[in-house]
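Descriptive structure summary
Each chain is listed here by its residues.
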Amino acid sequence: MVARSELILRWSVYGAAGLLVCLVQGLILQRLDLWGVMPFLYPALAAMVAVWEGAVPCGAVYALCLGAACDLALPGGIPCFYTIAFPLAAMLAGLLTRGWLSSNLLSALVASALGYLVTGLLHAGVLAVTGHGAFVTAMAVAGKEFLIALPALPFLYLLLRFLHGRTHLYDD
């Protein structure tokens, strides 16, 4: 059983890492425009935390909080879109990588790809429901976001691996 103070410290550190990613996203990546889209690290962050901490409940709760923060902070979005998309992506990514892959860079990249895929599929579903059937376009945007964010993902992986190692010092 993990001590309460250790849990508070662990999730405070992961929250600080999320704020760091938000700063990088808002101050640097938001200014870039490649292939008509900007790099978007939040789906990767939600999925990678699930790789390190497990899909349920830790990864999903972190992704839920991250999704709610994105829904509140990002302009012009679909209401509660990321609040739904990120926990689904985290659960899927965490369950698949825990069962088949160890917590390494490859599993983090696979989890990130799943995060972008789930986000793209949900966006395509929302567009289809509203009468704007644009499945190919939504998936192309998700693919471009993943490819553009790909150079930054190893750094995000290293940050989360470092934090996981520092916050799980006494785990068996």
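Below or above, wherever it landed, is the structure these notes cover. What you are looking at is a predicted structure, and each value in this text was computed from that prediction instead of being measured.

Turning our attention to the nonpolar core. Ranked by internal contacts, the top residues of the largest apolar core, which has 32 residues, are L45, F86, L156 and L160. Those elements giving two or more residues to this core turn out to be helix 1 (4-27), helix 2 (42-53), helix 3 (55-73), helix 4 (81-100), helix 5 (105-129), helix 6 (135-149) and helix 7 (153-167). Sorting elements by how many residues they give to this core places helix 2 first, with eight residues. The contacts of L45, once residues within four sequence positions are left out, are G18, V21, Y62, L66, L156 and L160. Counting five residues, the second-largest nonpolar core is a separate cluster that includes A47, V51, A111 and L114.

Taken N-terminus to C-terminus, the directions of helix 5 and helix 7 make an angle of 115°; their axes are 10 Å apart at the nearest point. Between helix 5 and helix 7 lies a crossing of right-handed hand. Every residue of helix 7 that contacts helix 5 at L105, A108, L109 and S112 is listed here: L153, P154 and Y157. Along the lines of polarity and charge, the residues of the contact of helix 5 with helix 7 split into six nonpolar, one polar and no charged.

Here is what the cut-offs are and how they apply
- Residues numbered from 1 in each chain as written.
- Predicted model: local features only at pLDDT ≥ 70, side-chain atom pairs only at ≥ 80, totals over all residues.
- Heavy atoms only, no water.
- Core = buried A, V, L, I, M, F, W, Y, C linked by side-chain atoms within 4.5 Å.
- Buried < 20%, exposed > 50% of the residue type's maximum accessible area, 1.4 Å probe, protein only.
- Helix = DSSP H or I, 4+ residues; strand = E, 2+ residues; numbered from the N terminus.
- Contact = heavy atoms within 4.5 Å.
- Axes fitted to C-alpha atoms, helices over the stretch in contact; angles between N-to-C directions.
- Left-handed = near helix turned anticlockwise from the far one by under 90°.
- Nonpolar A, V, L, I, M, F, W, Y, C, P; charged D, E, K, R; others polar.

These figures capture arrangement, not role.
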